[in-house]
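The primary structure of each chain is shown beneath.
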Number of protein chains: 2
Amino acid sequence: MAITLSDVAAKAGVSRSAVSRTFTEGASVSEKTRKKVLKAATELGYTPNYIARSLATQRTQLIGVICNNFKNPYLLEIFELLTSGLQARDLRPLLVNLTGGTDPEESVDQLTRYRVDAVILASSTLPTSFAQAFEKAGLPCIHLFGRAADNNNVCVVGINNEMGGEIAGKSLIEHGYQKPAFLGGPASATSTQDRLKGFERGLQNRGHSVAFTHFADNYSFEAGYDAMKTLLADRRDFDALFCGDDIIAMGALTAARENGICVPDELGLLGFNDTEMSRWPGVSVSTIAQPTEDIVRSAIELAQTILADPSRGAEARLYACKLIERGTLKPISDAKSR
Amino acid sequence: MAITLSDVAAKAGVSRSAVSRTFTEGASVSEKTRKKVLKAATELGYTPNYIARSLATQRTQLIGVICNNFKNPYLLEIFELLTSGLQARDLRPLLVNLTGGTDPEESVDQLTRYRVDAVILASSTLPTSFAQAFEKAGLPCIHLFGRAADNNNVCVVGINNEMGGEIAGKSLIEHGYQKPAFLGGPASATSTQDRLKGFERGLQNRGHSVAFTHFADNYSFEAGYDAMKTLLADRRDFDALFCGDDIIAMGALTAARENGICVPDELGLLGFNDTEMSRWPGVSVSTIAQPTEDIVRSAIELAQTILADPSRGAEARLYACKLIERGTLKPISDAKSR
DNA sequence: AACCATTTAGGAAACGGTTGCAAAATTATT
DNA sequence: AATAATTTTGCAACCGTTTCCTAAATGGTT
C-alpha cells in the first residue's frame, strides 16, 4: 500500500540510488534526474520512510525528552520552547513521563530501544546520577536545569542555582526584611539544595541568617499552599519567604492572604522562574528570573553539536539569573541600602 | 559498537531467529534456549532495536501527538494523562507543536515520515478538516476534544459541547442571574461555537437570551483578562459571564476584581474544564467539568482498537459534562427554581 | 578528434530486525 | 518400539533506505 523508493524509481525510470539522492541533502544528482524523480514522487504521493532511513544512517533524529512534574505550569513554557526549537531543526521529541515510577533503568531502556540520538532531561529535581545512567548507556544526555557537579561527565544547561539563591537573600535584606525564611521544593531536588545554599550565603554576607527552612512536597501550588498553612499554624516567626518556584510562591501567597497577612508589608515573598503566571495582574509575585529561552535554545544547540562530534567532552553552560521586582516585595527603604 | 541480534545469537550458540523470538511476545521458544539467549543478552547488554523491528513489522508503536496551545495549563493535565497512558501500553508519544505555522500538510508529512501508527489531535480549536487530512494520508486519527460532525469519517473522543453550553445557560439562570453573556475562546474554535449554540438554547429554554457574545483571542489568561477589560471599558450590560475555559474565566475574574466588581454578587462567572487551577483556594471558579481522565483513556483505547482492526469505521465517543459549583456563582435563591 | 578531469548513475551490500516454511527435535499415542 | 502429533529450530527472504564502489556520461582542453 505505501509507496516506496523503488516505486518512484520505477516510475521515473532511474535507479533507487538516484531517488535516494534526490531526497538526501547535499547528494549529487543532476538537475534532469532530480526533476524526473520529483515529478514521479509527487504523482505517486511518496513520503520518505525515516524509519528505514534511520536504520541505514544510524541516526534517528529523535530526541528523548524526559519530564517528571506535570503540576508545574513552568513545564509548559519549557515544552513550548523545546518542541518548537527541536522541530525547527528537524528533530523530533519523543516523550517520557517519569511521574510515578522513577526508575532510571526503565527509561534508559525505553529510549535506547528507539535509538534516540540524544536525551534531554527536563527536570531540576532529578539527581545527577540519573543523567549519568544515560551516558553510561551510550546516549548523549543533556540535563536541562540540572546541577553542574564538577566531577561528572554529563552536559548541563541551566543556571547557577546558588547564585540565584544568593540574589534572593541579598534582595530580601535590601528590601528591608529582617527575618527571611526559606520554602523550597522537595529537599531531594538539587535545585532546592543549591538555592538554599546560596540563600544562606547571601544573607550571611549582609549579616543575617535564615530564620528557618522548610520544604514543600513538590513543585506545585498545592504543596506551596499546604506548606504555608503549616508554617502559619506553627506560628513561625518570619517576615519574608524565599520560595523554590513561582508556583510554590503562588500557593504560599494564597494561604497568606487567607490568613489576613498583608503582602508585601507584613510578609515579603519571592518566587523563582519568572513564569507567565507570576506576571499575571492580581498575582504579581516578585521572582528570580532565569533566561529560559536562552537555556532551552542552548540545550538544543548543544545536542546538535554533540551529535556532530561525539568525541566532544561534557560541558556545563550556566546562565545568570536576576531579580524581577513585582508586587510581593515592599519598595526599597530610602535608607542608603544597595 | 552497538550489540545486535547476531552478536547475541553467536554468543548463545543459537540462530538469529531464536533470539528474535525470545524478544517477541508470544513467539515459540523452548525454555532452554530462552534461558541461554537471555543470559547472553544481559551479559552483552543487548537492547532490541525498535527501529529495525518497526521496519520489519510495519508497526512503530509511535503515536503522533499534536498540540497547539501551550498557554493553557489544561494541556498539561492532558499531557500527563496522555503520556502516562500511552507508555503504560507500550506506545510512545511523538510530539508535534503546531503553534505558529498551522499547516496541516506539513505536520501530516512529519508524522508520515516516521510512520506513526496513529495520530492523536489534542486540540479543541482545530477544524475537522485537519483531522481528515490525516485520514486521507492513511494515518488513523483521533480528534481529542474535537467536534463530532455527522458527515465525517474521523474518530472523535470528547464531550458534547452543546450540552455543556446548555448546562451553563441553565445554571446561570437557576442561580438567579438575569443578563448572562458569553465570552468564548477564538470564534474559529469548534468547541467555542458549539458551546455558544448550547448556551443560547439553554437560556431560551428558560425564557432568557444571551446578553451578548464576545470572543477572546485564544485560550489564555491574558486573552481572558484583556477581553474582560474591553467589556468593562465598553460598559456592557451583563450580570453573568460564561467563559469558554477556566483560564479565560480566571483572566476575566482578575479583571473584574481589579475593577471592584464583586463576584459572585454583582457578577456570576462560569468556566469550563474543571482544571486544577479552578479548584485553587482564592480562585474557586465554578465550572463545567468534562471527565478528562475518561476521555483520554478512551482515546488511547480507541487508538489501540483501530490498530488491531484497521477496517473499523470512524466512531465518536462523547461524554457527559456537569456543573461544578464553586465560589463564582451566588447560591441558588430560595425561590422554587429547579 | 582525442584525451583527461569531473559529475552523475547504477549495482549491490549493508543496517538490525521478523517471519513463512520446511526440517529437526520433542512429546504423546498406540 | 514405532508412529503420529506437536513444538522448536534454522534458513533465507524481506522491510525501505543509504552509500561505497565502479562504470558511464558529460564537459573542457588541446
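Residues numbered from 1 in each chain as written. Chains lettered and ligands numbered in written order. Predicted model: local features only at pLDDT ≥ 70, side-chain atom pairs only at ≥ 80, totals over all residues. Heavy atoms only, no water.

(A) The arrangement of the pattern of salt bridges in detail. Residues and elements named next belong to chain A. For the structure on display, the rule yields 32 salt bridges over all chains. The partner of glutamate 43 in a salt bridge is lysine 39, and the shortest N-O contact between them spans 3.3 Å. Residue glutamate 43 and its partner lysine 39 are both found in helix α3 (residues 31-44); the two are separated by four residues, about one turn of the helix. A salt bridge links aspartate 194 to arginine 147, with the shortest nitrogen-to-oxygen separation between them at 2.8 Å. Of this pair, aspartate 194 sits in helix α9 (residues 190-205) while arginine 147 sits in the loop between β4 (141-144) and β5 (155-159), placing them 47 residues apart in sequence. Judged by relative accessible area, aspartate 194 falls into the buried class, the value being 11%. Linked by salt bridges that have partners in common, Glu162, Glu166, Lys197 and Arg201 make up one network. (Salt bridge = Lys/Arg side-chain N within 4 Å of Asp/Glu carboxyl O. Helix = DSSP H or I, 4+ residues; strand = E, 2+ residues; numbered from the N terminus. Buried < 20%, exposed > 50% of the residue type's maximum accessible area, 1.4 Å probe, protein only.)

(B) Examining the interface of chain A and chain B more closely. The interface is formed by 48 residues belonging to chain A together with 48 residues belonging to chain B. Both sides of the chain A and chain B interface together cover about 4,700 Å² of buried area, and 65% of this is carbon and sulfur. At the boundary of chain A and chain B, one finds two salt bridges. For the salt bridge of lysine 71 of chain A with glutamate 276 of chain B, the shortest nitrogen-to-oxygen distance reads 3.3 Å. Across the chain A-chain B interface, the total number found is 19 residue pairs in polar contact (both at pLDDT 80 or more). Only α4 (50-57), α5 (74-88), β2 (92-97), α6 (104-113), α10 (221-233), α11 (246-258) and α12 (276-279) of chain A provide two or more residues apiece to the side of chain A that touches chain B. Considering each element in turn, the side of chain A that touches chain B owes the most residues, seven residues, to α5 of chain A. Class assignment of the residues belonging to the side of chain A that touches chain B gives a composition of 24 nonpolar, 15 polar and nine charged. (Contact = heavy atoms within 4.5 Å. Buried area = accessible area lost by both parts, 1.4 Å probe. Polar contact = N/O pair within 3.5 Å; in protein donor to acceptor, adjacent residues only side chain to side chain. Nonpolar A, V, L, I, M, F, W, Y, C, P; charged D, E, K, R; others polar.)

(C) Geometry of the pairing of strand β8 (residues 240-243) of chain A. Residue and element names in this part refer to chain A. Along β8, one buried face is formed by Ala240 and Phe242 and the opposite face, lined by Leu241 and Cys243, is buried too. Examined bridge by bridge, strand β6 (residues 180-184) and β8 share four bridges and lie parallel to one another. Bridge pairing in β8 places leucine 183 opposite cysteine 243. Where β8 lies against strand β9 (residues 268-272), three bridges are found, and the strand directions are parallel. In the sheet register, leucine 241 faces β9, and the bridge partner there is leucine 269. (Pairing = 2+ DSSP bridges.)

(D) Structural context of the nonpolar core. Grouped together as the largest cluster of nonpolar side chains are 92 residues, with contacts concentrated most on Phe79, Leu144 and Phe242 of chain A together with Phe79, Leu82, Leu144 and Phe242 of chain B. Residue contacts for leucine 144 of chain B: discarding those within four places in its chain leaves Ile78, Leu82, Ile120, Leu121, Ala122, Ser123, Ser124, Val157, Ile295, Val296 and Ala299 of chain B. Counting 63 residues, the second largest nonpolar core, distinct from the first, contains Val283 of chain A together with Ala223, Leu241 and Met250 of chain B. (Core = buried A, V, L, I, M, F, W, Y, C linked by side-chain atoms within 4.5 Å.)

(E) Seen up close, the sheet that holds strand β9 (residues 268-272) of chain B. All names here are of chain B. Pairing is mixed across the open sheet formed by six strands, whose spatial order is β7-β6-β8-β9-β10-β12. Looking at the sheet topology across the chains shown, the edges are occupied by β7 (213-215) and β12 (322-324). On average, adjacent strands in this sheet sit at an angle of 20° to one another, irrespective of strand direction. (Axes fitted to C-alpha atoms, helices over the stretch in contact; angles between N-to-C directions.)

(F) Region of the structure containing the side chain of serine 191 of chain A. All names here are of chain A. Of note, serine 191 is situated in helix α9. Residue serine 191 is classed as buried on the basis of its relative accessible area of 1%. Separated by 3.2 Å, the side chains of serine 191 and serine 124 make a polar contact. The residues touching serine 191, leaving out its near neighbours within four places in the chain, are Ser124, Asn161 and Tyr219.

(G) Spotlight on helix α6 (residues 104-113) of chain B. When α6 of chain B is considered as a whole, its buried residues turn out to be Ser107, Val108, Gln110, Leu111, Thr112 and Arg113 of chain B. On its buried face, α6 of chain B is in contact with α4 and β2 of chain A together with β1 (62-67), β2 (92-97), β3 (118-122) and α7 (128-136) of chain B. Trailing α6 of chain B by a residue or two, arginine 115 of chain B shows a phi angle of about 50°, which is positive.

(H) Structural detail: the packing of helix α1 (residues 5-12) of chain B against helix α3 (residues 31-44) of chain B. Residues and elements named next belong to chain B. Contact pair α1 / α3: the axes reach a minimum separation of 9 Å and the direction vectors enclose 120°. Judged by the inter-axis angle, α1 sits oblique to α3. Remark: the crossing between α1 and α3 carries right-handed chirality. Each of Asp7, Val8, Lys11 and Ala12 in α1 lies in contact with α3, whose residues at this interface are Lys36, Val37, Ala40, Ala41, Glu43 and Leu44. Among the residues making up the contact of α1 with α3, the classes are represented as six nonpolar, no polar and four charged. (Parallel < 35°, antiparallel > 145°, perpendicular 65-115°, else oblique. Left-handed = near helix turned anticlockwise from the far one by under 90°.)

(I) A look at the domain arrangement of chain A. All names here are of chain A. Per the domain assignment, the segments making up chain A are domain 1 (5-48), domain 2 (62-159 + 291-321) and domain 3 (161-289). For domain 2 and domain 3, the distance between their C-alpha centroids amounts to 27 Å. Contacts between the two partners involve 14 residues from domain 2, matched on the other side by 22 residues from domain 3. Interface area for domain 2 against domain 3, summed over the two sides, is near 1,500 Å², with a carbon-plus-sulfur share of 52%. Linking domain 2 to domain 3 there are one salt bridge. Looking at side-chain class alone, the side of domain 2 that touches domain 3 contains seven nonpolar, four polar and three charged residues. (Domains from an automatic or database assignment.)

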